[in-house]
Amino acid sequence: MRAAADISARAHTKTMCFAQPDISEHVLAAHFEYLCAREGSQRPAYVPVIASGANALIIHYTANNQLVRDGEMVLIDAACEYNGYASDITRTFPASGSFTSAQAELYGAVLAAQKHLVGLCSVSTGHSLAQLHRLSCDALGAELTRIGFELPLGAGTLDTLYPHFVGHPVGIDLHESSHFDRNEPLKAGMVITIEPGVYVPPLPQFPKHFHNMGIRIEDEVLVGEDHPVVLSVNAPKEIADIEGACQGMLGLEPF
Ligand code: GLY
Ligand code: MN
Ligand code: MN
């Protein structure tokens, strides 16, 4: 699983570098899958989501047939299968190589929540995946309020902006397994994804400068007794690292 995540993480990094305005989403999909295959992956773990601009608001967008526009972000949820094991990684990056200030603000909010949640993926916290989901709603709610969203109080508040669960176990299958109980405390040795996201429709109750932005950050996390290990660590997620990858400054060729 480390090898699968590592191959996928490198493909994410190089695809950030390869991407540019006016490229087609399907070319990015093909490039990502080529990079994985060249490193020994037998097949993609799932049909990739390559969603530029407002397409990122469609959670299971797989048409991947639009042109990437200058100034937009690109959300890529893509990963390989390697020797029977799946991987599952999402990154969101700016097509031009630099986030706008509004994009960076929203990205920073999702990143802060995602990193907080990753830090809770150990047996010692006693959390279940269901508890982590509730905590993801709390963390995203606090972050979005901090950057100017006016969220009504109460359950279900975030459903429009964050309409999916925080994560799932991953292993031989992308979504494991039929025996998994979301309410049981996490166990050492499990690998789970942590994938909070925010998708802002152009509705008047949301700040206009965030309209039509969709951001998800998804890592694969190996649950330890006392601390988590992030298997997808080689896919950049800090703003400076993403911009560095996009601008070809990490010393990697895009091919
Ligand atoms: N790529 C599918 C998922 O994130 O669950
Ligand atoms: Mn996932
Ligand atoms: Mn995914």
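What you see is a predicted model, and the numbers here were worked out from it, not measured in a lab. (Residues numbered from 1 in each chain as written. Chains lettered and ligands numbered in written order. Predicted model: local features only at pLDDT ≥ 70, side-chain atom pairs only at ≥ 80, totals over all residues. Heavy atoms only, no water.)

**Topic: the overall build of the chain**
And then number 1: Assigned secondary structure in the chain consists of 5 helices and 11 strands.
And then number 2: Taken against the 2.2 N^0.38 rule, which gives 18 Å for 255 residues, the C-alpha radius of gyration of the chain at 17 Å falls within 12% of a compact globule.
And then number 3: In terms of overall dimensions, the chain has a C-alpha envelope of 50 × 45 × 30 Å along the principal axes.
And then number 4: For the chain, the residues scored as buried account for 53% of the 255 residues in total.
And then number 5: Residue pairs in contact within the chain that sit at least 24 positions apart in sequence constitute 72% of those at least 6 positions apart.
And then number 6: Accessible surface computed for the chain: about 11000 Å², of which carbon and sulfur atoms make up 54%.
And then number 7: One way to put it: in the chain the 15 positive side-chain charges average out to a point 1 Å from where the 29 negative ones average out. (Helix = DSSP H or I, 4+ residues; strand = E, 2+ residues; numbered from the N terminus. Rg over C-alpha atoms; globule rule 2.2 N^0.38 Å. Buried < 20%, exposed > 50% of the residue type's maximum accessible area, 1.4 Å probe, protein only. Contact = heavy atoms within 4.5 Å. Areas by Shrake-Rupley, 256 points an atom, 1.4 Å probe, with all protein chains shown as cover. Lys, Arg positive; Asp, Glu negative; His and termini not counted. Charge placed at Lys NZ, Arg CZ, Asp CG, Glu CD.)

**Some details on the coordination of the manganese ion (ligand 3)**
And then number 1: For the manganese ion (ligand 3), the full set of protein donor atoms is Asp77 (OD), Asp77 (OD), Asp88 (OD) and Glu218 (OE), at a range of 2.1 to 2.5 Å.
And then number 2: Geometry at the manganese ion (ligand 3) is irregular, judged from its 6 donor atoms and the angles of 54 to 173° they form at the metal.
And then number 3: Between the manganese ion (ligand 3) and the manganese ion (ligand 2), a spacing of 3.3 Å is present, and a bridge between the two is formed by aspartate 88. Taken together, the residues span a long stretch of sequence, with aspartate 88 in the loop between strand 5 (85–86) and strand 6 (90–94) and glutamate 218 in the loop between strand 9 (214–216) and strand 10 (219–222) at a distance of 130 residues. The exposure classification of aspartate 88 matches that of glutamate 218, with both residues buried. (Donors = N, O, S within 2.8 Å, 3.2 Å for Na, K, Ca; no water. Tetrahedral: all angles 85-135°; square planar, octahedral: opposite > 155°, others 65-115°.)

**Things to note about the environment of valine 166**
And then number 1: Within the secondary structure, valine 166 is located in the loop between helix 4 (129–146) and strand 7 (191–194).
And then number 2: Separated by 31 residues in the primary sequence, valine 166 and leucine 135 have C-alpha atoms spaced 9.3 Å apart.

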